[in-house]
Amino acid sequence: MSPATAPGPNTAEQAVLDANRHFYAAFESLDLAEMEDVWLREDWIECVHPGWNLMLGWDEVRDSWARIFASTQRFKLALSSIWVHVESDVAWVACTEHVTSLFAGGFDEALVQALNLFVLRNGKWRMAAHHASPLPAPREPSVQ
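None of the values given here were measured: they were computed from a predicted structure.

Asks: For this particular structure, what's the right way to read the overall build of the protein?
Replies: Helix and strand content of the protein: three helices and six strands. Helices and strands in the protein line up, N terminus first, as α-α-β-β-α-β-β-β-β. Restricting to contacts in the protein with at least 6 residues of sequence separation, those with at least 24 account for 47%. Carbon and sulfur atoms make up 54% of the accessible area of the protein, which amounts to about 8,400 Å² in all.

If you want it as C-alpha cells, here you go:
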C-alpha cells in the first residue's frame, strides 16, 4: 500500500494502523503499562532504538523502554510517510518519526526512520519488532 492510499474502514490495514497508533501513544505518554500492552511477550521479539544495540526478548525490550521513560520528561512525536502492508497474520508499518524529547539537560529533535512489525494473536495486533534509525538532518538550501 502506498503512503497516499488510505485503507478502507474495518480492514486489516486499518487495524494494524490502529495498533501502530497505540504504540506511539504509549511512547509519547511515557506510560510503561501502555507500552507493555502493545508488545508480544516472546523471547524472539526485538527492538533497536537509534544508537542502541539490538535488544532481544521481552525482558530486554521492556527494560529499554523503562530506561527511556525514566530519563525523559516528555516526548512529542509526529509521523509522516506512513506505509502499511499485511500478509496473513504478520504486518509491518514503515514511517518517519519526527521526535522532540525533553529531558533534564535540555531537549533534542530527531528525524528517525522506523519499521514496526506486528503479529496477529488472539484477534489483536501485537508488536514483535521496532527498529528505528536516525536520518540525516535536512540540508539547508544554499543561498546564492
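Asks: Even after reading the chapter, I still don't get the environment of Pro50, so can you show me in this structure?
Replies: Here Pro50 is to be found in the loop between β1 (46-48) and β2 (55-56). Taking the relative accessible area as the measure of exposure, Pro50 reaches 34% and is therefore partly exposed. It is 4.9 Å that separates the C-alpha atoms of Pro50 and Ser133, two residues lying 83 residues apart in sequence. Non-local contacts of Pro50, meaning those with residues more than four positions away in its chain, are made with Val112, Ala132 and Pro134.

Asks: Is there a simple way to think about the side chain of Thr96 in this case?
Replies: Along the polypeptide, Thr96 turns up in strand β4 (residues 90-103). With relative accessibility at 10%, the residue Thr96 sits in the buried group. Here Gln113 takes part through its side chain, which lies 3.1 Å from a polar atom of the side chain of Thr96. Once you skip the residues sitting within four places of it in the chain, Thr96 turns out to touch Ala78, Leu79, Ser80, Ser81, Leu111, Val112, Gln113 and Leu135.

Asks: What exactly am I supposed to notice about the sheet that holds strand β3 (residues 74-87) here?
Replies: Two modes of strand pairing occur in sheets, parallel and antiparallel, and in both the strands are linked by backbone hydrogen bonds. The mixed open sheet is built from six strands, whose spatial order is β2-β1-β6-β5-β4-β3. Only two strands of the sheet have a single partner each, and these edge strands are β2 and β3. Here β1 runs beside strand β6 (residues 124-134); their pairing, made up of three bridges, is parallel. Paired with Val48 across the bridge in β6 is His131. Sheet strands touched by helix α1 (residues 12-29): β3, β4, β5 (106-121) and β6. Its angle to β3, the strand with the most contacts, is close to 160°.

Asks: Sorry, what's going on with the pairing of β5 here?
Replies: Remark: a regular strand shows side chains that alternate across the two faces of the sheet. As paired strands, β4 and β5 are joined by 14 bridges and run antiparallel to one another. Note that in β5 the partner of His98 across the bridge is Leu111. Count of turn residues in the β4/β5 antiparallel hairpin: two residues. Direction of pairing for β5 relative to β6: antiparallel, over a ladder of ten bridges. Of the residues in β6, the one forming a bridge with Arg121 is Lys124. The hairpin turn running from β5 into β6, its antiparallel successor, is two residues long, and Asn122 in that turn takes a positive phi close to 50°.

Asks: So what exactly am I meant to see when it comes to unusual backbone geometry here?
Replies: Phi is mostly negative for residues that are not glycine, and the peptide bonds are mostly trans. At Leu30, a position not held by glycine, the phi torsion is positive, near 60°. With respect to the helices and strands, Leu30 occurs in the loop between α1 and α2 (32-38). In this model, Asn122 sits at a positive phi of 50°, which is unusual for a non-glycine residue. Along the polypeptide, Asn122 turns up in the loop between β5 and β6.

The rules behind the values
Residues numbered from 1 in each chain as written. Predicted model: local features only at pLDDT ≥ 70, side-chain atom pairs only at ≥ 80, totals over all residues. Heavy atoms only, no water. Helix = DSSP H or I, 4+ residues; strand = E, 2+ residues; numbered from the N terminus. Contact = heavy atoms within 4.5 Å. Areas by Shrake-Rupley, 256 points an atom, 1.4 Å probe, with all protein chains shown as cover. Buried < 20%, exposed > 50% of the residue type's maximum accessible area, 1.4 Å probe, protein only. Polar contact = N/O pair within 3.5 Å; in protein donor to acceptor, adjacent residues only side chain to side chain. Pairing = 2+ DSSP bridges. Axes fitted to C-alpha atoms, helices over the stretch in contact; angles between N-to-C directions.

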